[in-house]
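Structural overview
Here is how the chains run, residue by residue.
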Amino acid sequence: MPYKPLPRYSLGFLPTPLVKLSRLAERLSGPRIFMKRDDQTGLGLGGNKVRKLEFLVGEALSLGCDTLITGGAAQSNHCRQTAAAAAAGGLACHLALGGEPPGTGERSFAPTGNLLLDQLFGAVIHWTGELRKGEKIPEIAESLRSAGRKPYVVPYGGSNTTGAAGFVEAVRELTEQLAELGESVTHIVFASSSGGTQAGLTVGKSLFGLDTELVGIGIDKGASGDVPFADHVLQLANATAERLDVPSRFSASELTIRNDYLGEGYGVVGDLERRAIRMVAQTEGILLDPVYTGRAMGGLLDMIERGELSREHSVLFWHTGGIPALFPYAQDVLESGESGG
Ligand SMILES: Cc1ncc(COP(=O)(O)O)c(C=O)c1O
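All figures in this text were calculated on a predicted structure; none of them were measured in a lab.

1. Looking at the site of the ligand
- The environment of the ligand is made up of 16 residues, and the closest members are K52, S193, S194, T197 and T320.
- G195 has a polar backbone atom sitting 2.9 Å from an oxygen atom of the ligand.
- Residue T320 places a side-chain N or O atom 2.6 Å away from a nitrogen atom belonging to the ligand.
- Relative to its unbound accessible surface of 390 Å², the ligand loses 97% to contact with the protein.
- If you list the elements that add at least two residues to the shell around the ligand, you get α2 (49-62), β7 (187-192) and α7 (196-207).

In structure tokens:
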């Protein structure tokens, strides 16, 4: 179905593979399980933000901007992919990162994981202490403007209508792959945090007539500030549809966000995540991350083990990336007593 095209700059290795997880499914004796490998989007070690950044960088370049600014947690996958996208698009990059620089405060450590990669991609880092959601972006943008630069603000998580367009297109990609394989899926399960992935999937599902239930697994209780997260995703889905001239509008009843797997909070690794990471690594040779996909897969395993999803279903887990964070989280990911030797 046609819709309004937005400027796009090619960054990813697309389409990403759609694979069947037969060993995991056999182990669980439940539904058939597929995985969409967006950990393999290619740019800067991959992840879901590459899809959003194709449209965000496309817009930045079409507006004649010379610098990307975004923000997030110190181990933000979004910031790492934005830094890589800026380099690939010939743009400078400034990141507002929560926390303190390594080597200060109580613990001293060398940069690793996403933070190491941010630096290798040449991003300028602004440390913002307690603020881990890009709250300082406007201030940084202002100082860049007064220095004669033309900054383009990539919002927290890349989640605005431009970024969400990446996941509208992702549904086109998936429907083509499913048609080629002669397969269908009853559920798509994925980590939902700043909401752009879910909003884009929601619009894409309607636009391309994909008959499936989207099940977002909430990762961060406070992801959308004072606005309830479901309202935020709904608003973003409707605004994205409007922007793309897609006639559909969505209501709260069409949106599934599971907030029963939030555990001890954002980025706190528990048994749910540890077990999911091991099970998928050891049955399929596929890595999940400690903050997002480990938690979302933990939720999926729980739904299968409790019989909520069973043999009559066919589930797709959308792997959204995040693997570089395994390294800084090594201690949390290992079971207690495993760290030596
Ligand atoms: C690995 C990973 N999965 C999922 C998400 C959530 O995607 P969204 O922010 O679009 O909800 C993120 C966002 O940071 C992420 O890094």
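2. Quick look at the state of the cysteines
- Applying the stated rule across the entire model yields 0 disulfides.
- C79 takes part in no disulfide bond, and the closest cysteine sulfur, belonging to C93, lies 7.7 Å away.
- Residue classification places C79 among the buried residues on the basis of a relative accessible area of 0%.

3. Things to note about the environment of A239
- Looking at the element boundaries, A239 is found in helix α8 (residues 229-243).
- Residue classification places A239 among the partly exposed residues on the basis of a relative accessible area of 31%.
- Note: C-alpha distance between A239 and A325 (86 residues apart in sequence) is 32 Å.

4. Quick look at the sheet that holds strand β6 (residues 151-153)
- Across the sheet, 4 strands lie side by side as β5-β4-β3-β6; this open sheet has parallel pairing. Every other strand in the sheet has two partners, leaving β5 (124-127) and β6 as the edge strands with one partner each. Sheet twist, expressed as the mean angle between neighbouring strand axes with direction ignored, is 25°.
- Inspection of the sheet shows strand β4 (residues 92-97) paired to β5 by 4 bridges, in the parallel sense. Following the sheet pairing, H94 is matched in β5 by V124.

5. Observations concerning the pattern of salt bridges
- One pass over the structure, following the stated rule, counts 21 salt bridges.
- Notably, a salt bridge pairs E173 with K36, separated by 2.6 Å at the nearest N-O pair. Note that E173 is positioned in helix α6 (residues 161-181) and K36 in strand β2 (residues 32-37), a separation of 137 residues in sequence.
- Accessibility expressed as a relative area gives 10% for E173, which makes it buried.
- On the basis of relative accessibility, which here comes to 0%, the residue K36 falls in the buried class.
- One salt bridge connects R258 with D260, and the closest N-O pair in it is separated by 2.8 Å.

6. Here's the deal with the nonpolar core
- One finds L174, I188, L316 and W318 to be the most contacted residues of the largest nonpolar core, which totals 36 residues.
- Every element with two or more residues in this core is listed here: α6, β7, α7, α8 and β10 (314-319).
- With 7 residues, the top contributor of residues to this core is α6.
- Among all residues touching W318, those that are not within four sequence positions of it are K36, D38, R51, F167, A170, L174, I188, V189, F190 and L201.
- Of all hydrophobic cores here, the second largest spans 35 residues; its members include V189, Y292, L326 and Y329.

Here is what the cut-offs are and how they apply
Residues numbered from 1 in each chain as written. Predicted model: local features only at pLDDT ≥ 70, side-chain atom pairs only at ≥ 80, totals over all residues. Heavy atoms only, no water. Near = heavy atom within 4 Å. Polar contact = N/O pair within 3.5 Å; in protein donor to acceptor, adjacent residues only side chain to side chain. Areas by Shrake-Rupley, 256 points an atom, 1.4 Å probe, with all protein chains shown as cover. Helix = DSSP H or I, 4+ residues; strand = E, 2+ residues; numbered from the N terminus. Disulfide = S-S within 2.5 Å. Buried < 20%, exposed > 50% of the residue type's maximum accessible area, 1.4 Å probe, protein only. Pairing = 2+ DSSP bridges. Axes fitted to C-alpha atoms, helices over the stretch in contact; angles between N-to-C directions. Salt bridge = Lys/Arg side-chain N within 4 Å of Asp/Glu carboxyl O. Core = buried A, V, L, I, M, F, W, Y, C linked by side-chain atoms within 4.5 Å. Contact = heavy atoms within 4.5 Å.

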